[in-house]
Amino acid sequence: MVSKRIQNMKPSATSTINGMVSEMKARGENVISFNVGEPDFDTPSPVICALEKAVEDGKTRYVAVGGITPLRMAIADKLRRDNDLVYSIDQICVTTGGKQAVFNAVMALCDPGDEVIVNAPCWVSYVEMIKMAEAEPVVVKTDENYHLDLQVIRAAVTDKTKAVIINTPNNPTGAVYTAEELKALADLAEEKDFYILSDEIYEKLTYDGKKHVSIASLSQAAYERTITLNGFAKAYCMTGWRLGYAAGPADVIKGMIAYQGHSTSNSTTFVQWAGIAALEKCNKEVEKMRTAFEERRDCMRGRLDRIEGFKAGMPHGAFYFMPDVSYWFDKTYEGENGPVVIGDAQGFAKYLLKKAAVAVVPGDAFETPNAVRFAYPVSVETINEGMDRIEAALKELK
Ligand code: GLU
């Protein structure tokens, strides 16, 4: 029998659905993936070249658990350049993907019974990571535009609150938090003395001239209480490379490295060398991809707007839409044994997969049961094809 901890854990919906869709595609089914946050571009060639060179140079051995010094220096430079944040090497930990950065931070900070506030809709893994640390996830809702609701967060703070997790630009909503709302959270963190886990993995993907702001840069108090979390997957199309990092107070980073020392040890050595090239040599490629994502966002927004019953809003970042789809819940379609009611977001996603062969992720995975997530890191042609199919399928609902 597996542990209670595991019994009590929901598997990652994004990873599970993605595995299922990959298998369907491998069987030759023509499924369109609006389910996974994985850019469809190739990893930029400077990164590939750096990887090949690192392997040729024999960079294949164990290294320091917290990462090779040249990469930590490149991360420190990047944080200074892009985020107005000054960190020394001992304040930086290289991790195996952004996911591990978040997990290490939660494990390093939380004791059993501590509370961690999560702003929903939220990425699927935060709540489960907090539970695995035997801490208490406290899920609060964002406002109607998916921005932080400071009053609600304040009301949720107790003397057990250890941290608040934020993610901007946001997965699954695409919201880009403003400096004002972040400063208000930073002030609250100072007043009530809690940590902020700031997941900034989508920072390069902002549109309409919006700029990403790192909360740790907004005050000395915020800097002292924030663990800035990031990864290479989204900006540099390095999803499979599994490379991420965390920067924050030296004692927390030391704890994260100690924890990592007993779990995965250092992230893959030659991948770390390639990561330097991503940070230092790929600005042009990143901007090209950002422009393409903005065009795709516009395309998907236009298509969602055409459909009655989607309240899609206007996300300014990442590559997701999170429309409320409750309009469809009482509609029916003809199943094998008579009429089937859509019922909920799971039923809605199931119907789209069955009828339109389009995969999306139901909102309960993101603590938002009336919505579904559409990911659009795919070509404009694919978006149009997928939306054509969805339009046709929804017309059949009664
Ligand atoms: N973060 C991406 C997503 O939300 C990749 C899958 C995962 O790690 O959750 O789709």
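Shown above is the structure to which this text applies.
Residues numbered from 1 in each chain as written. Predicted model: local features only at pLDDT ≥ 70, side-chain atom pairs only at ≥ 80, totals over all residues. Heavy atoms only, no water.

Caption draft 1: Examining helix α10 (residues 250-261) more closely. In a regular helix each residue adds 1.5 Å, so twelve residues correspond to 16 Å; α10 covers 16 Å between its end C-alpha atoms and thus fits that length. Here α10 has its buried residues at Val252, Ile253, Met256, Ile257 and Gln260. The arc enclosing the buried residues of α10, seen along the axis, measures out at 140°, which places them on a common side. Set apart from the buried face of α10 by more than 90 degrees, the exposed residues are Asp251 and Lys254. (Helix = DSSP H or I, 4+ residues; strand = E, 2+ residues; numbered from the N terminus. Expected span 1.5 Å × (residues − 1). Buried < 20%, exposed > 50% of the residue type's maximum accessible area, 1.4 Å probe, protein only. Arc of directions from axis to C-beta.)

Caption draft 2: Geometry of the pairing of strand β8 (residues 244-247). What you see with β8 is no split at all: Gly244 and Ala246 on one side and Tyr245 and Ala247 on the other are buried throughout. Note that strand β2 (residues 92-95) and β8 share four bridges and pair antiparallel. Looking across to β8, one finds that Ile92 is bridged to Ala247. Note that strand β7 (residues 226-231) and β8 share four bridges and pair antiparallel. Residue Gly231 lies in a different strand from β8, and its bridge partner there is Gly244. (Pairing = 2+ DSSP bridges.)

Caption draft 3: Layout of the sheet that holds strand β3 (residues 115-120). Strand order in the open sheet made by the seven strands is β2-β8-β7-β6-β5-β3-β4, with mixed pairing throughout. With one partner strand each, in any of the chains shown, β2 and β4 (136-141) form the two edges of the open sheet. On average, adjacent strands in this sheet sit at an angle of 20° to one another, irrespective of strand direction. Sheet topology places strand β5 (residues 161-167) next to strand β6 (residues 195-199); five bridges connect them, and they run parallel. Bridge assignment links Asn167 to a residue of β6, and that residue is Asp199. In this fold helix α4 (residues 69-83) packs onto β2, β7 and β8, with an angle of close to 115° to the strand it touches most, β2. On top of the sheet, helix α5 (residues 98-109) reaches β2, β5, β6, β7 and β8; it is set at about 155° to β7, its chief contact. (Axes fitted to C-alpha atoms, helices over the stretch in contact; angles between N-to-C directions. Contact = heavy atoms within 4.5 Å.)

Caption draft 4: Just the pattern of salt bridges, in detail. Counted under the stated rule, the structure contains 27 salt bridges. For the salt bridge of Asp40 with Arg296, the shortest nitrogen-to-oxygen distance reads 3.0 Å. Here Arg296 lies in helix α12 (residues 283-305) and Asp40 lies in the loop between β1 (32-33) and α3 (45-56), a separation of 256 residues in the sequence. Assessed through its relative accessible area of 6%, Arg296 is described here as buried. Between Glu287 and Arg290 there is a salt bridge; the shortest N-O distance is 3.0 Å. Taken together, the residues Glu287 and Arg290, both in helix α12 and three residues apart, mark about one turn of the helix. For Glu287, a relative accessible area of 40% corresponds to the partly exposed category. Note on Arg290: relative accessible area 17%, which makes it buried. Each of the salt bridges in this network shares a partner with another, and the network as a whole consists of Asp208, Glu287, Arg290, Glu294, Arg297 and Asp298. (Salt bridge = Lys/Arg side-chain N within 4 Å of Asp/Glu carboxyl O.)

Caption draft 5: How the structure looks around the packing of α3 against helix α11 (residues 269-281). One can describe the packing of α3 onto α11 by two numbers: an axis separation of 8 Å at closest approach and a directional angle of 150°. Viewed along their axes, α3 and α11 form a crossing whose handedness is right-handed. Of the residues in α11, those touching α3 at Pro46, Val47, Ala50, Leu51, Ala54 and Val55 are Phe270, Val271, Trp273, Ala274, Ala277, Ala278 and Lys281. Residue composition of the contact of α3 with α11, grouped by class: twelve nonpolar, no polar and one charged. (Left-handed = near helix turned anticlockwise from the far one by under 90°. Nonpolar A, V, L, I, M, F, W, Y, C, P; charged D, E, K, R; others polar.)

Caption draft 6: Local environment of the side chain of Arg225. As for its position among the elements, Arg225 is in helix α9 (residues 220-225). In contact with Arg225, other than residues within four places in its own chain, are Ala189, Glu190, Asp193, Phe194, Tyr195 and Ile196.

Caption draft 7: How the structure looks around the site of the ligand. What surrounds the ligand is the set Thr14, Val36, Gly37, Lys99, Trp123, Asn171, Lys234, Tyr320 and Arg373. Separating an oxygen atom of the ligand from a side-chain N or O atom of Thr14 is a distance of 2.6 Å. Broken down by class, the residue content of the shell around the ligand amounts to three nonpolar, three polar and three charged. (Near = heavy atom within 4 Å. Polar contact = N/O pair within 3.5 Å; in protein donor to acceptor, adjacent residues only side chain to side chain.)

Caption draft 8: Molecular detail of the packing of α5 against α10. Following both chains from N to C, one finds α5 and α10 inclined at 110°, their axes separated by 8 Å at the closest point. Put simply, α5 runs roughly perpendicular to α10. Residues Gln100, Ala101, Phe103, Asn104, Ala105, Met107, Ala108 and Leu109 of α5 lie in contact with α10, whose contacting residues are Val252, Gly255, Met256, Tyr259 and Gln260. Among the residues forming the contact of α5 with α10, the class breakdown is nine nonpolar, four polar and no charged. (Parallel < 35°, antiparallel > 145°, perpendicular 65-115°, else oblique.)

Caption draft 9: Structural view of the sheet that holds strand β9 (residues 320-321). An order of β9-β14-β13 is seen for the three strands of this open sheet, with the pairing classed as antiparallel. Lying at the two open borders of the sheet, with one neighbouring strand each, are β9 and β13 (361-362). By the bridge criterion, two bridges tie β13 to strand β14 (residues 372-375) in an arrangement that is antiparallel. Following the sheet pairing, Pro362 is matched in β14 by Val372.

Caption draft 10: Geometry of the nonpolar core. Grouped together as the largest cluster of nonpolar side chains are 60 residues, with contacts concentrated most on Ile153, Ile166, Leu185, Phe194, Leu197, Ile227 and Leu229. Discounting chain neighbours no more than four positions away, the residues touching Leu197 are Ala105, Val106, Leu109, Ala163, Val164, Ile165, Ile166, Ile227 and Leu229. Ranked by size, the runner-up nonpolar core spans 43 residues in total, among them Met289, Leu304, Val325 and Phe329. (Core = buried A, V, L, I, M, F, W, Y, C linked by side-chain atoms within 4.5 Å.)

Caption draft 11: Molecular detail of the side chain of Arg290. A distance of 2.8 Å separates a polar side-chain atom of Arg290 from the backbone oxygen of Thr206. If we ignore the near neighbours within four places in the chain, the residues touching Arg290 are Lys204, Leu205, Thr206 and Tyr207.

Structural measurements only, silent on function.
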